[in-house]
Amino acid sequence: PEQNPFIEDMKRFEELMMMYSCAIKEVQTKLDVLNTDFSVRYNRNPIEFIQSRIKKPVSIATKLSSKGCQVSVENIVYNLNDVAGLRVICSFIDDIYAVAEKLISQNDITLIEAKDYISHPKPNGYRSLHLIIEVPVFFADHTRNMRVEVQIRTIAMDFWASLDHQLRYKKDVADPELISGRLKHCADVISQTDLEMQEIKNMIYGDGAQPQIKLCLEKNT
Ligand code: 0O2
């Protein structure tokens with residue numbers, strides 16, 4: 001029977017999205033295991049909660065076009081790092097680095113890129129640690145390394161980013177510079193609170209209560 005190229009493309013797209021959603025499950029399980037292990041070992045959870053998403057088809061197409069790429073299944077794999085995304089919300093700043101370090105030091109994980117927007121916040125005040133990793137996923141008849149973006153941040157950083165995201169959709173505001181300035185001020189206040197909460201935690205648990213991990217991440221460029 002004659003094959004319809006559109007239907008064939010749609011099938012390949014569906015299969016690729018299934019693979020990304022399996023990659024999310026793999027990374028989610030790794031993070032759940034780390035959180036459970038920490039809770040038994042140190043009597044506290046470094047991870048508050050985890051969100052995950054597969055990028056929507058329209059967003060995939062828009063991002064490919066903005067990069068000057070033709071919208072095709074091949075180009076998704078070769079040009080996009082964030083089709084599969086997890087957001088890990090941690091309690092304290094040092095938990096972010098501890099979770100990241102424990103994740104990327106696992107044998108089957110390859111770190112492709114790290115962007116530390118905590119030590120180097122974006123000019124608008126955005127803070128978060130971004131990791132692009134590859135994880136092998138074992139399917140019925142083959143194994144494939146899948147790319148996943150992991151954004152790790154504190155509750156405070158997430159609070160700011162969520163509201164910033166909502167406000168950025170509204171383009172026709174009267175005084176955008178004033179609004180950007182006030183948002184940046186909020187980001188700085190929130191960051192100061194994060195640092196103080198970290199100090200309070202250190203006073204309660206001491207610095208040695210859990211390994212103080214210093215990640216050696218490349219600077220974001
Ligand atoms: P969505 O809907 O969150 O998926 P790249 O994705 O690598 O091609 P870039 O800009 O180098 O592009 O990536 P970067 O800076 O590592 O961050 C991309 C993602 O981080 C964004 O995804 C947001 O989720 C988040 N992010 C980055 N900057 C900001 C910011 O200023 N405010 C907020 N709220 N989030 C930010 P997407 O693709 O924009 O969309």
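Residues numbered from 1 in each chain as written. Predicted model: local features only at pLDDT ≥ 70, side-chain atom pairs only at ≥ 80, totals over all residues.

Engineer: Mind showing me how you'd approach the overall build of the protein chain here?
Structural biologist: Looking only at helices and strands, the protein chain features six helices and five strands. For the protein chain, the spread of C-alpha atoms along the three principal axes comes to 70 × 50 × 25 Å. Expressed as a percentage of its 221 residues, the buried residues of the protein chain come to 24%. In the protein chain, 68% of the contacts between residues at least 6 apart in sequence involve partners at least 24 apart. (Helix = DSSP H or I, 4+ residues; strand = E, 2+ residues; numbered from the N terminus. Buried ≥ 20, exposed ≤ 12 C-beta atoms within 10 Å, placed from the backbone. Contact = placed C-beta atoms within 7 Å.)

Engineer: Would you mind going over the packing of helix H1 (residues 5-42) against helix H4 (residues 93-104) with me for this structure?
Structural biologist: For any two helices packed against each other, the geometry is given by the interaxial angle and the distance between the axes. Running from amino to carboxyl end, H1 crosses H4 at an angle of 125°, the nearest separation of the two axes being 11 Å. Taken together, the axes of H1 and H4 lie oblique to each other. In this structure, H1 meets H4 at a crossing whose hand is right-handed. Contact residues: Lys30, Leu31 and Leu34 in H1; Val99, Lys102 and Leu103 in H4. (Axes fitted to C-alpha atoms, helices over the stretch in contact; angles between N-to-C directions. Parallel < 35°, antiparallel > 145°, perpendicular 65-115°, else oblique. Left-handed = near helix turned anticlockwise from the far one by under 90°.)

Engineer: Whenever I open this one, the UniProt feature "domain: RelA/SpoT" (unreviewed entry) in the protein chain confuses me. Can you help?
Structural biologist: Mapped onto this structure's residue numbering, the UniProt feature "domain: RelA/SpoT" (unreviewed entry) falls at residues 52-175. The span residues 52-175 is 35% helical and 31% strand by assignment, and the distance between its end C-alpha atoms comes to 34 Å. (UniProt positions renumbered as here; feature names shortened; annotations may be inferred.)

Engineer: In this structure, what is going on with the site of the ligand? I would like to understand it.
Structural biologist: The environment of the ligand is formed by Asn81, Asp82, Lys115, Lys122, Asn124, Tyr126, His130, Ala161, Asp164 and His165. Considering each element in turn, the shell around the ligand owes the most residues, three residues, to helix H5 (residues 155-168). A class-by-class count of the residues in the shell around the ligand yields two nonpolar, four polar and four charged. (Near = placed C-beta within 6 Å. Nonpolar A, V, L, I, M, F, W, Y, C, P; charged D, E, K, R; others polar.)

Engineer: Hey, could you run me through helix H6 (residues 176-205) in this one?
Structural biologist: For H6, built from 30 residues, the straight-helix expectation of 44 Å at 1.5 Å per residue is met to within 8% by its first-to-last C-alpha distance of 43 Å. Backbone geometry just after H6 places Gly206 at a positive phi near 75°. (Expected span 1.5 Å × (residues − 1).)

Engineer: Honestly, the pairing of strand S2 (residues 84-90) in this entry has me stumped. Any pointers?
Structural biologist: Consecutive side chains of a regular strand alternate in pointing toward one face of the sheet and then the other. Counting buried positions along S2 gives five out of seven residues, so the element sits mostly inside the fold. Here seven bridges tie strand S1 (residues 47-54) to S2, and the two strands are oriented antiparallel to one another. Bridge pairing in S2 places Ile50 opposite Val88. Looking at chain direction, S2 and strand S5 (residues 143-154) are connected through six bridges and run parallel. When the bridges of S5 are listed, Ile89 appears paired with Arg153. (Pairing = 2+ DSSP bridges.)

Engineer: I'm lost on the environment of Asp94 in this one. Help?
Structural biologist: You can see Asp94 is positioned in helix H4. The spacing of Asp94 and Met146 is 52 residues in sequence and 27 Å in space, taken between C-alpha atoms.

Engineer: Looking at this model, I keep getting lost on the sheet that holds strand S4 (residues 129-138). Mind explaining?
Structural biologist: Note: strands within a sheet are paired through backbone hydrogen bonds, in either parallel or antiparallel orientation. One open sheet accounts for five strands, arranged S1-S2-S5-S4-S3; its pairing is mixed. Each edge of the sheet is formed by a strand with only one pairing partner; in this case those strands are S1 and strand S3 (110-116). Each neighbouring strand pair of the sheet contributes to a mean axis angle of 25°, computed without reference to strand direction. Both S3 and S4 contribute to a ladder of six bridges, which runs antiparallel. Bridging across to S4, Lys115 finds its partner in His130. Across the sheet, H4 lies against S1, S2, S3, S4 and S5, angled at about 170° from S5, the strand it touches most.

Engineer: Got a minute to help me understand the nonpolar core in this structure?
Structural biologist: Nonpolar side chains in soluble globular proteins generally cluster together in the buried interior. In this structure, Ala23, Val88, Ile96, Val99 and Val148 are the most contacted members of the largest nonpolar core, which totals 32 residues. When contributions to this core are tallied by element, the ones reaching two or more residues are H1, S2, H4, S4 and S5. Leaving out residues up to four positions away in the same chain, Val88 has contacts with Leu31, Ile47, Ile50, Val99, Val150 and Ile152. (Core = buried A, V, L, I, M, F, W, Y, C linked by C-beta atoms within 7 Å.)

Engineer: Got a minute to help me understand unusual backbone geometry in this structure?
Structural biologist: We note that Asn43 has phi near 65°; this positive angle belongs to a residue other than glycine. Assignment of secondary structure puts Asn43 in the loop between H1 and S1. A tally of 10 C-beta atoms within 10 Å means that Asn43 is categorised as exposed.

Engineer: Sorry, what's going on with the packing of H5 against H6 here?
Structural biologist: Their axes nearest at 9 Å, the elements H5 and H6 cross at an angle of 165°. Put simply, H5 runs roughly antiparallel to H6. Along this stretch, H5 crosses H6, giving a crossing that reads as right-handed. Across the interface between the two elements, Ala156, Phe159, Trp160 and Asp164 of H5 pack against Leu183, Cys186, Ala187, Ile190, Thr193 and Asp194 of H6. Across the contact of H5 with H6, the residue classes tally to seven nonpolar, one polar and two charged.

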